[in-house]
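Letter by letter, the chains look like this.
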Amino acid sequence: MAMEMKMKMKEALPYIGMVSTQFAQVGLMIVGKKAMSAGMTNFTFVFYSNALASLILLPSFFFYRSTRPPLNFSFICGFFLLGVLGCSAQLTGYAGINYTSASFASAMLNLIPGFTFILAVIFRMEKLDCRSTSTLIKSVGTVVSIAGAFTATLYKGPQILLTSSSLNPQNYLHFQETDWVIGGLYLVVDCVAASAYLIVQASVLKSYPVELIVVFFYCFFSSILSAIVSLFMDMDLNAWMLQPGTRLFAVLYSGIFGSAFQVSVMFWCVRKRGPLFVAMSHPLGIVIAAALGIIFLGDIFYLGSLVGSIVIVVGFYAVMWGKTQEKKVDEDNMSRNINSKAPLLQQKDAEAEV
């Protein structure tokens, strides 16, 4: 009984991990938006976040020195590519958040499952058998999740819950004046870069399965790249100042929970369950963003958010069910192959004895 409970807990760990990363992601969007509203740019925010995460993860480089695979030029190139894609996703993502809002960005991130599924099929990391029920369910679930994200974003409907802080007219004016088109384009680029990042991440972890070391190099290269971009794009020295308060808290949160914790857990989940599993957890972010927005920011909750959230969860579990069925089929085929080979081995042993 205890062994069975232990096995169930082990199976549930990737799901718990991805839910926790979504809470961290939504929190990161909120504090990032606050920091940029306080005068910090997305360039300096990404630099400080990854630099702090690199310092936090530096001890792991020496801790795994005796057990990690030796570094070579191929591995370094893979880490650098992760840094390029991750830095691009962060810079464009925070630019999109700055033009829009955290809840809108959380909804747009649900384009990642569709892009990741397409890239995973192209690179043959996911099976695409149109005759398979699991493949059809995964495909439909991906489309449903994206549709739910757009429903929650584009369809408001009547107000369901309204807090006293939501009545502030400044919130309404800010929503009207924000350039959603530019922000949306930035977020689309963010989703494409993030999808490619997940695919490369899965490939790197297959050849170098030490998550903390990979995350360290990812944050290290991201900090260098963002620093170079910042020197050319951000000439205002005030943007580099870390005054005690919103900016310092945002950097500490992003470095500890955003980069170090979130990315480490995501790397582990990619190695355990694959890139599509990680990408399909993003739809949960919009549900969490809506809940935290109501509780902490006094956001207005609309009927469209409720409908979209339900559709997103349906699509999410549809894809998870498809992946579970696919895993069962692979295990059954493997056991059949083993059983079919066993009589042949017994026959050869018998002939050898004769």
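Up top is the structure these notes are about.
Predicted, not measured: the structure shown is a model, and the values here were computed from it.

A. Looking closely at the nonpolar core. Phe45, Phe79, Leu82, Tyr197, Val214, Phe267 and Val278 are the most contacted members of the largest nonpolar core, which totals 71 residues. Once residues lying within four places of it in the same chain are set aside, the contact partners of Phe267 are Leu82, Tyr197, Gln201, Leu205, Glu211, Val214 and Val215.

B. Spatial organisation of empty space enclosed by the protein. One pass over the structure, following the stated rule, counts three cavities of 30 Å³ or more. As a volume, the largest cavity reaches approximately 470 Å³. Together, 25 residues line the largest cavity, and Gln25, Ala89, Gln90, Asp190 and Gln262 are the ones closest to its centre. Among the elements that line the lining of the largest cavity, the one with the most residues is helix α3 (residues 73-99), at seven residues. Across the lining of the largest cavity, the residue classes break down as 14 nonpolar, 10 polar and one charged.

C. Molecular detail of the side chain of Gln25. When you line up the elements, Gln25 lands in helix α1 (residues 2-37). Within the structure, Gln25 has its side chain in polar contact with the side chain of Gln262 (distance 2.6 Å). With near-sequence residues (within four places) excluded, Gln25 lies in contact with Leu109 and Gln262.

D. Helix α2 (residues 42-63), seen in detail. Between its first and last C-alpha, α2 extends 32 Å over 22 residues, near the 32 Å set by a 1.5 Å rise per residue. At Ile56, α2 shows its maximal bend, which comes to roughly 35°, and the proline Pro59 appears one to four places after that position.

E. Quick look at the environment of Tyr94. Along the chain, Tyr94 falls in helix α3. The spacing of Tyr94 and Gly183 is 89 residues in sequence and 9.3 Å in space, taken between C-alpha atoms. In contact with Tyr94, not counting residues within four places along its chain, are Leu28, Gly32, Met36, Asn42, Phe45 and Val46.

The rules behind the values
Residues numbered from 1 in each chain as written. Predicted model: local features only at pLDDT ≥ 70, side-chain atom pairs only at ≥ 80, totals over all residues. Heavy atoms only, no water. Core = buried A, V, L, I, M, F, W, Y, C linked by side-chain atoms within 4.5 Å. Buried < 20%, exposed > 50% of the residue type's maximum accessible area, 1.4 Å probe, protein only. Contact = heavy atoms within 4.5 Å. 1 Å grid on protein atoms, 1.4 Å probe; cavity = no way out; pocket = protein on both sides within 12 Å on 5 of 7 lines; lining within 4 Å. Points joined across faces, edges and corners; volume = space filled by probe spheres on them. Helix = DSSP H or I, 4+ residues; strand = E, 2+ residues; numbered from the N terminus. Nonpolar A, V, L, I, M, F, W, Y, C, P; charged D, E, K, R; others polar. Polar contact = N/O pair within 3.5 Å; in protein donor to acceptor, adjacent residues only side chain to side chain. Expected span 1.5 Å × (residues − 1). Bend = angle between axes of the 7 residues up to and from the residue.

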